[in-house]
Amino acid sequence: MGKISEWIRRRWIGCLVAAAALFAGLMLAAAVLLRAYAPALSRERLESALTAGLGRPVRIERVTLSLWLARAVIENLRVEPGPGEGAEPVLRIGRTEVRVGISSLWRRQIVLSTIRLQDVGLRVAGSGRGGSVPPLDIPETVDLGPVTVRIGAVRIGRGEVVYRDDARGLGVEARGLEAALRPARRGVDLDLRLSSLSVRAAGGLETITGIQASGWLHRDLLSVRSLAVRWQDRPIRVMGEIRHPFAAAEVGLRIEGEVDLAQVSRRLETPWPLAGVAEVKADVRGPLNALHASGQVSVPRLAAGPVQAQDVVVRGRGSQADLGLRIGGKVDLAPLAGGLNAPWPLTGLAAVDAEVRGAPAALRIAGSVGVPRLAAGPIRAQDVSARGTWSDNVLDLTQISARIFEGTLDGSFRMPPDRLAETRAAFVLRRASVAALETLAPGPLGFRGTLDLKADLEGDPRRPENARGRFRLTANQLTLPGDLNRLGAGTLTAAGTLHGAIAVLDEAVGRWAGGRVRVSGRLDAGGPAGLRFAADADLGVVAPLWNLRDFAGHAAVTGEVDGRWAEPELTGQARAAPVTVAG
């Protein structure tokens, strides 16, 4: 057993010695290789090669070679500006560490396995005509005199990038840059992190944080495999491509994320303050000055001034010249009524479905609103719905329906907001309960029956007392209040016109068992004015209703009513011919 242990120990020692010898050999080979290529890594040779490759003067303070570590260190590299690019260096690198790969032994070129750049500052100048674009056609190998160099990977730490376009008043600053870059397909394959990115434009300053991205950059194309950022502490993800990123950018991007609407309303100065979080899924394409967007925006809970909405969803497409959107959601009517100073408090949840199309300056909106249960002051309604359009600055509700006053309502409404006096409304109320309509009266009236009403009205809805129009009504199974209910159920028909607070009865006719009443004239808010009436009764039918069984004959009453509703003034005459009393 002891011999076996001794054999294992010696075998491990042999392996370690062999590994150490191999490592030492590789280090020696790398040192020899670095010494062989040292002339190509001199400061002068590097400055010359980089100047030719970048098209701008390049200055290097010092180059240090570490033979045993197969490493070269370049300190304080500067790429000087070209014509019209100002006085500051375009690129500054505090420390560049270059490591030579072992693969250089079997490749007939220097393989720089890793280049580390620290304390990097890149400055890009733009102009209204498209700006200066750095040369981004990067080959996989670079010739340094007689030597060919292949770059493996470049790692950047503590970087900063500044973009300025004074002609357009645009500035971009990227700070806290940590990146890994690899030459690929004559471009750069990159993965990066940024602590912050600030964009300053005419509209102010915006900053996004927590940036993580990967993509490929070549000449005038930036391909974004993934981009994750946070704006106002909300996540946003982007993928796609950007053409001419340093000039007249043209994008083709997929964007998903969350947006704080309160922050949006502060920046866009919306008519009402917004509150809520929007979930966005969109495709954005085209040049920055003519973007086209399509996708969906969802807001579980939205507040816009007096509007409180739920489950808001906007789908479609849009640009500066044209919109095509589908909007849906639910709106709480209680805060809306309070914000608009409605005459009655409202309660109910309205479901909205609308299509928005056309140029932003001339939108056409078509849609519907449904309220399962609505309360407006003393009025209760169910299954309220409205369909219509907004076009040419006119609101046109062509279909309005509801179950109200135990009957049904159908109508239409047309309103030009800039000419409110031309507002028109038409409605038909069928089989409404007369008792239910008493909720609109100051007190109980005692009438019972059903009512059919048709009306056409015109006027400023802010001043209902000035409305004008025509109406026609029919009441069936109508019973009168108090002792008059002994007449039983009858019918009433009426037609007339409205002129502000004045109603003019062309004719109203009521018929009950054994009697008939005709009324015409004017009614206003203060009381009747020249209201004429005529009533006739068959005493043989009417008298027994009051236990007067021996009367027979015909009685007629005519007259006129004026004055106030509280103290009416009645004038008239009565006649009976002939009247008989049995007994």
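Predicted, not measured: the structure shown is a model, and the values here were computed from it.

**Focus on the overall build of the protein**
Part 1 of the reasoning: On a plain count of helices and strands, the protein comes out with 6 helices and 32 strands.
Part 2 of the reasoning: Across the 583 residues that make up the protein, the buried fraction comes to 34%.
Part 3 of the reasoning: Here the contacts in the protein between residues at least 6 apart in sequence split such that 41% fall between residues at least 24 apart.
Part 4 of the reasoning: Per element, the accessible surface of the protein, about 33400 Å² overall, is 58% carbon and sulfur.

**Overview of the environment of isoleucine 115**
Part 1 of the reasoning: Within the secondary structure layout, isoleucine 115 lies in strand β4 (residues 110–126).
Part 2 of the reasoning: Each C-alpha atom of the pair isoleucine 115 and alanine 153 lies 6.2 Å from the other, and the pair is 38 residues apart in sequence.
Part 3 of the reasoning: Residue contacts for isoleucine 115: discarding those within four places in its chain leaves Thr96, Glu97, Val98, Ile151, Ala153, Val154 and Arg155.

**Describing the environment of alanine 525**
Part 1 of the reasoning: Relative to the assigned elements, alanine 525 resides in the loop between β29 (515–523) and β30 (528–538).
Part 2 of the reasoning: On the accessibility criterion, alanine 525 (66% relative accessible area) is exposed.
Part 3 of the reasoning: Residues alanine 525 and tryptophan 565 lie 40 residues apart in sequence; the distance between their C-alpha atoms is 8.5 Å.

**Structural notes on unusual backbone geometry**
Part 1 of the reasoning: Its identity as a non-glycine residue notwithstanding, arginine 431 has a phi of 50°, on the positive side.
Part 2 of the reasoning: Looking at the element boundaries, arginine 431 is found in strand β24 (residues 424–433).
Part 3 of the reasoning: Taking relative accessible area as the criterion, arginine 431 reaches 59% and is therefore assigned exposed.
Part 4 of the reasoning: Not every positive phi belongs to a glycine, and glutamine 477 is a case in point at roughly 50°.
Part 5 of the reasoning: Judged by its relative accessible area of 56%, glutamine 477 is exposed.

**So, the nonpolar core**
Part 1 of the reasoning: In terms of nonpolar packing, the biggest core is built from 40 residues, with Leu77, Leu117, Ile156 and Leu181 touching the most fellow members.
Part 2 of the reasoning: Within the second largest apolar cluster, 32 residues are counted, among which are Ala475, Leu487, Leu531 and Ala537.

**Re the pairing of strand β27 (residues 490–499)**
The two faces of the sheet receive side chains in turn, since in a regular strand these alternate between them.
Part 1 of the reasoning: Bridging between strand β26 (residues 468–479) and β27 involves 9 bridges; their strand directions are antiparallel. By the bridge assignment, threonine 474 is partnered in β27 with threonine 493.
Part 2 of the reasoning: Note: β27 against strand β28 (residues 502–512), 9 bridges, orientation antiparallel. Paired with threonine 497 across the two strands is valine 504, which belongs to β28.
Part 3 of the reasoning: Hairpin connection, β27 to β28: the antiparallel pair is bridged by 2 residues, and glycine 500 has positive phi, about 70°.

**Points about the side chain of glutamate 97**
Part 1 of the reasoning: Here glutamate 97 lies in strand β3 (residues 91–100).
Part 2 of the reasoning: Taking the relative accessible area as the measure of exposure, glutamate 97 reaches 12% and is therefore buried.
Part 3 of the reasoning: A distance of 3.4 Å separates polar atoms of two side chains, one belonging to glutamate 97 and the other to arginine 95.

**Overview of helix α2 (residues 43–54)**
Part 1 of the reasoning: Its 12 residues give α2 an end-to-end C-alpha distance of 16 Å, which sits within 8% of 16 Å, the value for a rise of 1.5 Å per residue.
Part 2 of the reasoning: All of the buried residues in α2 are Leu46, Glu47 and Ala49.

**A word on the confidence of the model for the protein**
Part 1 of the reasoning: This prediction gives the protein a mean pLDDT of 82; 84% of its residues lie at or above 70.
Part 2 of the reasoning: Of all secondary-structure elements in the protein, the lowest mean pLDDT belongs to helix α1 (residues 2–37), at 45, while β24 reaches the highest, 96.
Part 3 of the reasoning: The low-confidence segment residues 7–36 (pLDDT under 50) makes 21 contacts with residues lying over four places distant or belonging to another chain.

**Comments concerning helix α3 (residues 261–268)**
Part 1 of the reasoning: Among the residues of α3, those classed as buried are Leu261, Ala262, Gln263 and Ser265.
Part 2 of the reasoning: The secondary structure elements touched by the buried residues of α3 are β10 (221–231), β12 (250–260), β13 (274–275), β14 (277–287) and β15 (292–304).
Part 3 of the reasoning: Two to three positions downstream of the cap, the backbone nitrogen of alanine 262 sits 3.0 Å from a side-chain oxygen, assigning the N-cap of α3 to aspartate 260.
Part 4 of the reasoning: Phi turns positive one or two residues past the end of α3, at glutamate 269, with a value near 55°.

**Re the pattern of salt bridges**
Part 1 of the reasoning: One pass over the structure, following the stated rule, counts 35 salt bridges.
Part 2 of the reasoning: A salt bridge links aspartate 189 to arginine 182; the shortest N-O distance between them is 3.1 Å.
Part 3 of the reasoning: Take arginine 182: its relative accessible area is 30%, and that puts it in the partly exposed class.
Part 4 of the reasoning: When the shortest N-O distance is used, the salt bridge between arginine 267 and glutamate 206 registers 2.2 Å. Placement of the pair is arginine 267 in helix α3 and glutamate 206 in strand β9 (residues 204–218), with a sequence separation of 61 residues.
Part 5 of the reasoning: Arginine 267 sits in the partly exposed class, given a relative accessible area of 35%.
Part 6 of the reasoning: A relative accessible area of 26% places glutamate 206 in the partly exposed class.

**Focus on the environment of arginine 424**
Part 1 of the reasoning: Along the chain, arginine 424 turns up in strand β24.
Part 2 of the reasoning: Expressed as a C-alpha distance, the spacing of arginine 424 and aspartate 456, which sit 32 residues apart in the sequence, is 7.5 Å.
Part 3 of the reasoning: If we skip the residues at most four places from it in the chain, arginine 424 touches Ser412, Phe413, Arg414, Leu457 and Glu458.

Criteria and cut-off values
- Residues numbered from 1 in each chain as written.
- Predicted model: local features only at pLDDT ≥ 70, side-chain atom pairs only at ≥ 80, totals over all residues.
- Heavy atoms only, no water.
- Helix = DSSP H or I, 4+ residues; strand = E, 2+ residues; numbered from the N terminus.
- Buried < 20%, exposed > 50% of the residue type's maximum accessible area, 1.4 Å probe, protein only.
- Contact = heavy atoms within 4.5 Å.
- Areas by Shrake-Rupley, 256 points an atom, 1.4 Å probe, with all protein chains shown as cover.
- Core = buried A, V, L, I, M, F, W, Y, C linked by side-chain atoms within 4.5 Å.
- Pairing = 2+ DSSP bridges.
- Polar contact = N/O pair within 3.5 Å; in protein donor to acceptor, adjacent residues only side chain to side chain.
- Expected span 1.5 Å × (residues − 1).
- pLDDT = per-residue confidence, 0-100.
- Salt bridge = Lys/Arg side-chain N within 4 Å of Asp/Glu carboxyl O.

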